[in-house]
Amino acid sequence: MDEPKHPVTTVDRTLQIVEIIQELDGAGVSEIADRVDVGKSAVHNHLNTLANREYVVKEGDEYHIGLAFLGLGAYARQRNEIFDAAHKEVDNLADETGELVNLLVEKNGMGIYLYQSQGENAVELDTYEGKRVRLHCTGLGKAILGFRPEDEVTEILDERGMPAETEHTITDRDAFSNELAAINDQGYAIDEEERLNGLRCIAAPITDDEDRAIAAISVSCPVHRVDDDRFYEDLRQAVLGAANVVELEHNYS
């Protein structure tokens, strides 16, 4: 991401405060001031301005993200071509499999959950539409990176790192490179408890007409409930089929 030549410090500080409130799921003035390294009075002024525009709300001594952001997020998602092409297929896949189905896009080296749909047996996770995750530890992220140029992958990993989310996360660059080569060859990616213990995911890239991944779609399910036969046969075919439909809709409609 290119750095702005003349950043507006006040705007940057306000957005930083909003991100801290979201990250902490609510925060008080002192806590925010410690994180942004400015005085409480300045933080209070930012918060009052945000609250006046309903971008944050005060609950007791804490501030939380306000519903004003919901309209902006929904508008941004509605304008996204991938969402337009994919959301019905995500719903269909959730109904077909009964599991949690996810649609992820990459922005500035991070994955953003663009849409999710829950089948009748879907597991409840910490993910939500708009949540950002690192790409190296999710099936969705690996599906995207497997269909990106090597120099782009290197740049993303250099900037975002490869921290271990669980004991199963791949953190070695050479091992990860081999994983991406296999993903590119087989056309899908798996996440075997690499971001969350007890969860396995199978994901397929959604590529443009130059075979570059622009998004990914996945099915997430508990390890104890979905055996290898269903995972590698039924769910794999279902995910690949859904990705193919979305590609056709996006690239040729």
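Residues numbered from 1 in each chain as written. Predicted model: local features only at pLDDT ≥ 70, side-chain atom pairs only at ≥ 80, totals over all residues. Heavy atoms only, no water.

- By the naming in an unreviewed UniProt entry, the protein chain goes by IclR family transcriptional regulator and is assigned to Halosimplex aquaticum.

1. Re the pattern of salt bridges
No. 1: Tallying each qualifying case throughout the model produces 14 salt bridges.
No. 2: One salt-bridge network, held together by shared partners, links Glu106, Arg148, Glu152 and Arg212. (Salt bridge = Lys/Arg side-chain N within 4 Å of Asp/Glu carboxyl O.)

2. Focus on unusual backbone geometry
No. 1: Phi is positive for Asp37, close to 60°, though the residue is something other than glycine.
No. 2: Checked against the element boundaries, Asp37 lands in the loop between helix 2 (29-36) and helix 3 (40-52).
No. 3: Within the chain, Glu54 stands out as a residue other than glycine whose phi angle is a positive 65°.
No. 4: By the secondary structure assignment, Glu54 is in the loop between helix 3 and strand 1 (56-59).
No. 5: Residue class for Glu54 comes out exposed when judged on its relative accessible area of 56%. (Helix = DSSP H or I, 4+ residues; strand = E, 2+ residues; numbered from the N terminus. Buried < 20%, exposed > 50% of the residue type's maximum accessible area, 1.4 Å probe, protein only.)

3. Let's talk about the packing of aromatic side chains
No. 1: Under the definition given, this model contains three aromatic pairs.
No. 2: Note on Tyr55 and Phe69: the rings are 4.8 Å apart at their centroids and 65° apart in plane angle, and the pair reads as edge-to-face. Remark: Phe69 occurs in helix 4 (residues 68-78) and Tyr55 occurs in the loop between helix 3 and strand 1; sequence separation between them is 14 residues.
No. 3: Look at Phe69 and you get partly exposed, because its relative accessible area is 26%.
No. 4: Their ring planes at 90° and their centres at 5.0 Å tell us that Phe231 and Tyr232 sit as a pair that is edge-to-face.
No. 5: Judged by relative accessible area, which is 0%, Phe231 ranks as buried.
No. 6: Exposure remark for Tyr232: the relative accessible area of 26% places this residue in the partly exposed category.
No. 7: We note Arg200 situated over the ring of Phe231; from NZ or CZ to the ring centre the distance is 4.0 Å. (Phe/Tyr/Trp six-rings, centres within 6.5 Å; stacked < 30°, edge-to-face > 60°. Lys NZ or Arg CZ within 6 Å of the ring centre and 35° of its normal.)

4. Remarks on the packing of helix 5 (residues 81-97) against helix 9 (residues 228-252)
No. 1: For the pair helix 5 and helix 9, the least separation of the axes is 9 Å and the interaxial angle reads 155°. The pairing of helix 5 with helix 9 is recorded here as roughly antiparallel in orientation. Two packed elements cross with a definite hand, and for helix 5 against helix 9 that hand is right-handed. Of helix 9, the residues touching helix 5 (which contributes Glu81, Ile82, Ala85, Ala86, Glu89, Leu93, Glu96 and Thr97) are Arg230, Leu235, Ala238, Val239, Ala242, Val245, Val246, Glu249 and His250. (Axes fitted to C-alpha atoms, helices over the stretch in contact; angles between N-to-C directions. Parallel < 35°, antiparallel > 145°, perpendicular 65-115°, else oblique. Left-handed = near helix turned anticlockwise from the far one by under 90°. Contact = heavy atoms within 4.5 Å.)

5. Looking at the side chain of Arg236
No. 1: Among the secondary structure elements, Arg236 is positioned in helix 9.
No. 2: Contacts of Arg236, omitting those with residues within four sequence positions, involve Tyr188, Ile202 and Phe231.

6. Considering the UniProt feature "domain: IclR-ED" (unreviewed entry) in the protein chain
No. 1: Mapped onto the present numbering, the UniProt feature "domain: IclR-ED" (unreviewed entry) falls at residues 68-252.
No. 2: Spanning residues 68-252, this segment combines 46% helix with 23% strand, and its end C-alpha atoms are found 35 Å apart. (UniProt positions renumbered as here; feature names shortened; annotations may be inferred.)

7. Details of the pairing of strand 2 (residues 62-65)
No. 1: Relative to strand 2, strand 1 runs antiparallel, the two sharing four bridges. The partner of Val57 across the bridge, within strand 2, is His64.
No. 2: Once strand 1 ends, the chain turns through two residues before running back antiparallel as strand 2, passing Gly60 with a positive phi of about 70°. (Pairing = 2+ DSSP bridges.)

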